[in-house]
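# Close look at the chain arrangement
Here is what each chain is made of, one letter per residue.
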Amino acid sequence: MSADRSFSLKAGKRAVLLLHGFAGTTEDVRELGERLAENGYTVHAPNFRGHGDEPAIFLKTTPEMWYEDAVAGYEALQKEGYQEIAIVGVAMGGVFALKMAEQFHPKAIVPLCANVNRKMRYIPVEQYLQKQLEKDGMQAEDVAAMIQSYQPEIAKMAEERSSFYKNVAINIEKIQVPTMIGQGCQDEEIDADNANYIFKHIHTDEKQLCFYQGSGHDIVNDCEKDLLEEDLIYFLDDLMWLDEEVG
């Protein structure tokens, strides 16, 4: 099993929980975390169990386990004295941000390219694994054979993931915290209309919807990342923070 890839950047009294996406790692959001820290936000980014590990390890984990990791990250910030915590989540991390807003009361949430819709479609787990294995240098025929050998585990994960996301969609009207929704219009993995669904169904007057015309699913690392970072920091700065002393 690989070392924990979670990271924390202490920079100020205001805190942000930063959540990566499905089959990714915190490396995907590190640059965004560094930009937030440069602007005075303490950042904690937990790496979900199994993410970044080989398929045999990854496929033994579940969405509930990953969500527990996200909640543990939130609680860790609270234990450090941060009582106002914004949650920024990319893709599945955005789904977790929405669920946490249904259960808790974060300062604000920022779901980016989050797949929450009653008519959801998913990029198959196999495609994520193929992308990762090829990135690691495995030959195409070996990738195909490995994926075939894990079909039962892949099917189980796909079913659990679908169920988890649908549950978030069902309860989305419970959300009452300030929300910035970001969506890439060139998203190759989910329908951009998911952003409209979230905007329509959350119950807060403090909400904004930002579309990025040239960006795909990896919105925080795409061609408009600078614009997204500016919008995000403006949104966070504009919140009414208490700025409590943190020990």
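Model, not experiment: these values are computed from the prediction. The residue numbers shown here count from 1 along each chain, following its written sequence. Two thresholds apply to this predicted model, a pLDDT of at least 70 for residue-level local features and 80 or more for giving and counting side-chain atom pairs, whereas whole-chain, interface and lining totals are computed over all residues. Side-chain numbers here rest on the full set of heavy atoms in the structure, without hydrogens or water.

## Description of the overall build of the chain
Only DSSP runs of H or I with at least four residues qualify as helices, and only runs of E with at least two residues qualify as strands; both kinds are numbered from the N terminus onward. Scanning the chain for helices and strands turns up nine helices and seven strands. The reference for a compact globule is 2.2 Å times residues^0.38; the radius of gyration itself is calculated from the C-alpha atoms. The C-alpha atoms of the chain give 17 Å as radius of gyration, which agrees with the globular expectation for 247 residues (18 Å, within 12%). Principal-axis analysis of the C-alpha atoms gives the chain an extent of 55 × 35 × 35 Å. Calculation of accessible area relied on Shrake-Rupley with a 1.4 Å probe; when residues are assessed, cover is drawn exclusively from the protein chains displayed. As displayed, the chain offers around 11,500 Å² of accessible surface, 47% of which is attributable to carbon and sulfur atoms. Placing the 23 positive and 43 negative side-chain charges of the chain at their respective mean positions leaves the two points 5 Å apart. We treat Lys and Arg as the positive residues and Asp and Glu as the negative residues; His and chain ends play no part in the count. Think of each charge as sitting on NZ of Lys, CZ of Arg, CG of Asp or CD of Glu.

## Comments concerning the pattern of salt bridges
Here, a salt bridge means any side-chain nitrogen of Lys or Arg that lies within 4 Å of a carboxyl oxygen of Asp or Glu. This structure, assessed with the given rule, holds eight salt bridges. One salt bridge connects arginine 30 with glutamate 27, and the closest N-O pair in it is separated by 3.2 Å. According to the relative accessible area criterion, glutamate 27 is partly exposed, its value standing at 47%. One salt bridge in this structure joins aspartate 69 and arginine 49, with 3.0 Å as the shortest N-O distance. Of this pair, aspartate 69 sits in helix α3 (residues 63-79) while arginine 49 sits in the loop between β3 (41-45) and α2 (55-58); the two residues are 20 residues apart in sequence, bridging distant segments of the chain. For the exposure calls, accessible area comes from a 1.4 Å probe over protein chains only, and a residue counts as buried if that area is under 20% of its type's maximum, exposed if over 50%, partly exposed in between.

## Regarding the packing of helix α6 (residues 140-149) against helix α7 (residues 151-170)
Running from amino to carboxyl end, α6 crosses α7 at an angle of 70°, the nearest separation of the two axes being 5 Å. Taken together, the axis directions place α6 and α7 in an arrangement best described as roughly perpendicular. Here Ile147, Gln148 and Ser149 of α6 lie close against α7, whose contacting residues are Gln151, Pro152, Glu153 and Ile154. Put simply, Ala, Val, Leu, Ile, Met, Phe, Trp, Tyr, Cys and Pro go in the nonpolar bin, Asp, Glu, Lys and Arg in the charged bin, and everything else, Gly too, in the polar bin. Counted by class, the contact of α6 with α7 contains three nonpolar, three polar and one charged residues. All axes are obtained by fitting lines to C-alpha atoms, using only the stretch in contact for helices, and the reported angles, taken between N-to-C directions, cover 0 to 180 degrees. An angle below 35 degrees is treated as roughly parallel, one above 145 as roughly antiparallel, one from 65 to 115 as roughly perpendicular, and anything else as oblique. When checking whether two residues touch, look at their non-hydrogen atoms; a contact exists if any pair is within 4.5 Å.

## Side note on the sheet that holds strand β7 (residues 207-212)
Two strands pair if DSSP finds at least two bridges between them. With mixed pairing, seven strands are arranged side by side in an open sheet as β1-β3-β2-β4-β5-β6-β7. Bordering the open sheet on either side are β1 (7-9) and β7, each of which pairs with just one other strand. Each adjacent strand pair in this sheet contributes to an overall mean axis angle of 15°, direction not counted. Here five bridges tie strand β2 (residues 14-19) to strand β4 (residues 85-90), and the two strands are oriented parallel to one another. Counted as the bridge partner of valine 16 is alanine 86 from β4. Most of the contacts of helix α8 (residues 193-201) go to β7, to which it runs at about 170°, and overall it touches β6 (179-184) and β7.

## Comments concerning the state of the cysteines
Note that a disulfide, as used here, is simply two cysteine sulfur atoms within 2.5 Å. Counted according to the given criterion, the structure contains zero disulfides. The closest cysteine sulfur to the non-disulfide-bonded cysteine 210 is located on cysteine 185, 11 Å from its own sulfur. For cysteine 223, which is in no disulfide, the shortest distance to another cysteine sulfur is to cysteine 185 and amounts to 11 Å.

## Considerations on the pairing of β7
Two faces make up the sheet, and in a regular strand the side chains alternate between them. The pairing of β6 with β7 spans six bridges and is classified as parallel. Following the sheet pairing, glycine 184 is matched in β7 by tyrosine 212. By convention, a crossover is right-handed whenever its connection, traced from the first strand over the helix to the second and viewed with the strands pointing away, goes clockwise. Taken together, β6, α8 and β7 constitute a β-α-β crossover, and its handedness is right-handed.

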